[in-house]
Amino acid sequence: MEAMRRLVFGLALVLGAACTSAAPTPTATSAGELDDAFARAAAESGVPRDLLVAVAKVEGGLAMPKTRTVDPASQGPGAGPRERRRGKIDTLARGAALVGASEEDIRRDADLGLRGGALVLAELGREHGARAGDLASWEPALEDLSGYSDARHRADYAKRVLSALEAGGTFV
């Protein structure tokens, strides 16, 4: 099993990590499987793949195991390489609804959580007029995705994601 996943890409946008006390299971994902999961989520949602990767990078989700044990009482209800939150927008519940699964299911299965996160970001992108070929147009959607209610934290989150995309590189 591969303990860490690598994702090499020209522009890196990272779809976040789970901040949760859930204990990971020993099921790891290879770099190829993770790359495929991002490609599938991007194709299904219409969100640029690199943007999804950048969100995961910012949130630390690239090193998440493929499946994990979920503690229902956890204060951080993360899901997939992108943390779904119960903040200003309940992206955890919305992501689960969009994939037709329970919140626990998308917290347990990283691929399902990634799909849910990508579909939530796509929905927010449509609300704000984001365009696939214009990554900067996703900034308002990223602010909403952050879950923060105050303008300063929302803007900071979006800037961190867009900076990760601009920096590009290799992420482990």
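Every value quoted in this text rests on a predicted model; they were computed, and no experiment measured them. (Residues numbered from 1 in each chain as written. Predicted model: local features only at pLDDT ≥ 70, side-chain atom pairs only at ≥ 80, totals over all residues. Heavy atoms only, no water.)

1. A look at the overall build of the chain
The secondary structure content of the chain amounts to seven helices and two strands. The helix and strand sequence of the chain, counted from the amino end, reads β-α-α-α-α-α-α-α-β. The buried share of the chain, taken over its 172 residues, is 50%. Pairs at least 24 residues apart make up 73% of the contacts formed inside the chain by residues separated by at least 6 positions. (Helix = DSSP H or I, 4+ residues; strand = E, 2+ residues; numbered from the N terminus. Buried < 20%, exposed > 50% of the residue type's maximum accessible area, 1.4 Å probe, protein only. Contact = heavy atoms within 4.5 Å.)

2. Overview of helix α2 (residues 49-59)
Summarising burial for α2: eight of the 11 residues are buried, a large majority. Along α2, the positions that sit buried rather than exposed are R49, L51, L52, V53, A54, V55, A56 and E59. Just past α2, the residue G60 takes up positive phi, approximately 75°.

3. With respect to the packing of α2 against helix α7 (residues 151-167)
The interhelical angle for the contact between α2 and α7, taken along N-to-C directions, is 115°, at an axis separation of 8 Å. In this structure, α2 crosses over α7, and the sense of that crossing is right-handed. Seen from α2, the contacting residues are D50, L51, A54, V55, V58 and E59; seen from α7, they are Y157, R160, V161, A164 and L165. (Axes fitted to C-alpha atoms, helices over the stretch in contact; angles between N-to-C directions. Left-handed = near helix turned anticlockwise from the far one by under 90°.)

4. What about α7?
Between its first and last C-alpha, α7 extends 24 Å over 17 residues, near the 24 Å set by a 1.5 Å rise per residue. At the exit of α7 stands G168, carrying a positive phi of roughly 60°. (Expected span 1.5 Å × (residues − 1).)

5. Brief notes about the side chain of D144
Note on placement: D144 falls in helix α6 (residues 139-145). Setting aside residues up to four positions removed in sequence, D144 forms contacts with I89, L124, H128 and R154.

6. Some words on the side chain of S146
With respect to the helices and strands, the residue S146 is situated in the loop between α6 and α7. When its relative accessible area of 1% is taken as the criterion, S146 is described as buried. A polar atom in the side chain of S146 sits 3.1 Å from the backbone nitrogen of Y148. (Polar contact = N/O pair within 3.5 Å; in protein donor to acceptor, adjacent residues only side chain to side chain.)

7. Points about the confidence of the model for the chain
A residue-level look at the chain finds 66% of positions with pLDDT of 70 or above and a mean pLDDT of 76. Across residues 1-28 the pLDDT falls below 50, and counting only partners more than four positions away or on other chains, this stretch makes 131 contacts in the model. (pLDDT = per-residue confidence, 0-100.)

8. Things to note about the packing of helix α3 (residues 91-99) against helix α5 (residues 110-128)
Two quantities define a packed helix pair, namely the angle between the axes and the distance from one axis to the other. Running from N to C, α3 and α5 cross one another at 100°; their axes reach a closest spacing of 8 Å. Between α3 and α5, the angle falls in the class roughly perpendicular. Residues T91, R94, G95, L98 and V99 of α3 touch α5, and the partners they reach there are L112, R115, G116, L119, V120 and E123. Class assignment for the residues of the contact of α3 with α5 results in five nonpolar, three polar and three charged. (Parallel < 35°, antiparallel > 145°, perpendicular 65-115°, else oblique. Nonpolar A, V, L, I, M, F, W, Y, C, P; charged D, E, K, R; others polar.)

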